Amino acid sequence: MPLSVIPQGNLPAEFSQRYQAVSGLSTIDFIETLFGDEALFGPVAAVSSFGAESAVLLHLIASVAPDAPVLFIDTGFHFSETLRYRDQLVSQFGLSSVKTIQLDPLSEKRSDPSGKLHAIDPDACCALRKLSVLQRALTPYSGWVAGQKRFHSHERSRIDRLEWDADQSKWKFNPLADWSASDLMRYQTQHQLPAHPLAAAGFTSIGCAPCTTAVGVGEDVRAGRWRGTQKRECGLHRPADLIVVSGS
Ligand code: SF4
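As the structure is a prediction and not an experimental result, all values here were calculated from the model.

Novice: Please explain the overall build of the chain as it appears in this structure.
Specialist: Of the regular secondary structure elements, the chain holds nine helices and eight strands. Its C-alpha atoms give the chain a radius of gyration of 18 Å, within 12% of the compact-globule value 18 Å for 248 residues. The buried share of the chain, taken over its 248 residues, is 35%. Restricting to contacts in the chain with at least 6 residues of sequence separation, those with at least 24 account for 74%.

Novice: It is not clear to me how the site of the ligand should be interpreted in this structure. Could you clarify?
Specialist: Close to the ligand lie 13 residues; His118, Cys125, Cys126, Cys208 and Cys211 are nearest. Residues belonging to the shell around the ligand are distributed by class as follows: eight nonpolar, three polar and two charged.

Novice: Looking at this structure, how should I read the pairing of strand S6 (residues 162-165)?
Specialist: Remember that side chains alternate between the two faces of the sheet whenever the strand is regular. Bridge count between S6 and strand S7 (residues 170-173): four bridges; the pairing is antiparallel. When the bridges of S7 are listed, Glu163 appears paired with Lys172. Count of turn residues in the S6/S7 antiparallel hairpin: four residues, of which Ser169 carries a positive phi of about 55°.

Novice: Would you mind showing me how to read the nonpolar core here?
Specialist: General note: in soluble globular proteins, nonpolar side chains tend to be found buried as a group. Judged by nonpolar contacts, the single largest core of 49 residues is most densely connected at Leu34, Val44, Ala45, Leu58, Ile61, Trp144 and Val145. Ranked by residue count, the leading element in this core is helix H4 (residues 54-64), at seven residues. Residue contacts for Val145: discarding those within four places in its chain leaves Leu34, Val44, Ala46, Val47, Phe173 and Pro175.

Novice: Which parts of the structure should I look at to understand the packing of helix H2 (residues 27-36) against H4?
Specialist: Each packed pair of helices is defined by two parameters, the angle between the axes and the distance between the axes. Running from amino to carboxyl end, H2 crosses H4 at an angle of 65°, the nearest separation of the two axes being 9 Å. Crossing of H2 against H4: the hand is right-handed. Side by side, H2 and H4 meet where Thr27, Ile28, Ile31, Glu32 and Phe35 of the first sit next to Leu60, Ile61 and Val64 of the second. Taken together, the residues of the contact of H2 with H4 sort by class into six nonpolar, one polar and one charged.

Novice: Looking at this model, I keep getting lost on the sheet that holds strand S4 (residues 98-101). Mind explaining?
Specialist: Hydrogen bonds between backbone groups are what pair the strands of a sheet, and the pairing can be parallel or antiparallel. Taking strand neighbours across the sheet as the criterion, the six strands line up as S4-S3-S2-S5-S7-S6 in an open arrangement whose pairing is mixed. This sheet does not close on itself; its edge strands, each paired only once, are S4 and S6. Each strand of the sheet is rotated relative to its neighbour by a mean of 30°, with strand direction disregarded. In terms of strand pairing, strand S2 (residues 44-47) meets strand S3 (residues 70-73) through two bridges, oriented parallel. By the bridge assignment for S3, Ala46 is matched with Val70.

Novice: Honestly, the environment of Val145 in this entry has me stumped. Any pointers?
Specialist: Mapped onto the fold, Val145 is located in strand S5 (residues 143-145). It is 6.2 Å that separates the C-alpha atoms of Val145 and Ala45, two residues lying 100 residues apart in sequence.

Novice: What's the story with the pairing of S4 in this structure? I'm lost.
Specialist: Where S3 and S4 come together, four bridges link them in parallel fashion. Opposite Phe72, over in S4, you have Thr100 as the bridge partner. Each parallel crossover has a hand, and the one from S3 via helix H5 (residues 80-93) to S4 is right-handed.

Novice: Would you mind going over the environment of Ser142 with me for this structure?
Specialist: Note on placement: Ser142 falls in the loop between helix H8 (122-137) and S5. A residue is classified by how many C-beta atoms lie within 10 Å of it, and Ser142, with 15 of them, is partly exposed. In this structure the C-alpha to C-alpha distance between Ser142 and Asp178, which are 36 residues apart in sequence, comes to 23 Å. In this structure Ser142 touches Phe41, Gly42, Pro43, Val44, Lys170 and Trp171, once residues within four positions along its chain are discounted.

Novice: Looking at this structure, I do not really get the environment of Thr27. What am I missing?
Specialist: Mapped onto the elements, Thr27 comes out in helix H2. Its 18 C-beta neighbours within 10 Å are what place Thr27 among the partly exposed residues. Measuring from C-alpha to C-alpha, the distance between Thr27 and Leu60 comes to 8.6 Å, with 33 residues separating the pair along the chain. If near-sequence neighbours (up to four positions away) are discounted, Thr27 is found in contact with Leu60, Pro175 and Leu176.

Cut-offs used in this document
Residues numbered from 1 in each chain as written. Predicted model: local features only at pLDDT ≥ 70, side-chain atom pairs only at ≥ 80, totals over all residues. Helix = DSSP H or I, 4+ residues; strand = E, 2+ residues; numbered from the N terminus. Rg over C-alpha atoms; globule rule 2.2 N^0.38 Å. Buried ≥ 20, exposed ≤ 12 C-beta atoms within 10 Å, placed from the backbone. Contact = placed C-beta atoms within 7 Å. Near = placed C-beta within 6 Å. Nonpolar A, V, L, I, M, F, W, Y, C, P; charged D, E, K, R; others polar. Pairing = 2+ DSSP bridges. Core = buried A, V, L, I, M, F, W, Y, C linked by C-beta atoms within 7 Å. Axes fitted to C-alpha atoms, helices over the stretch in contact; angles between N-to-C directions. Left-handed = near helix turned anticlockwise from the far one by under 90°. Right-handed = clockwise from strand over helix to strand, strands pointing away.

Here's what the structure looks like:
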């Protein structure tokens, strides 16, 4: 059944055509197309937090494009376990183009001299240490690949595999959008992927140490992020400007 895209914002004119071109692809074929066929979307980079579920997407990428650019935003507040896990996955999967990106020390000193901005204004802290850093790093690319899944939270329940990041005027790809928690577990087991060292302690979504806690039984995967505040996202991921419907 054909799909139609109803724009809710300023999608590029070629959006529907590109959407149709990749809509029937399997996850692995989709990923291979993103990194192997620049004619479709131009140069593309993956962005990974090397968190609790990151191994699956990184393993998929490594299996078809081990030299794909992968960006890791080092906010300076990661758990030491995450940094070790990053190094382990890079080495084990043979990813050859992982780049750690971070705020320059001068901007950090000027904008957050005490290093306590995360406690005072977490939105400003994420904008400074994540958004601005990623925006700069994505300059040479026309699209970016993220590890979001719909089951993560209410906020992510309508994400699509192909979106348009209007804030950055870039393509946005969520290859695992429709994967469930059991799909991830199955893939992890099948390929014997190493777990994040904090996963066994109940950390289902892992970001910066001051803003991440373990989750309890029955909570959202992301319930441990910015616990006790209204904040649900760091700002990298915003609702897409599209609705996709089945045609007759
Ligand atoms: S998650 Fe917390 S420490 Fe990390 S950038 Fe955002 S507010 Fe700052």
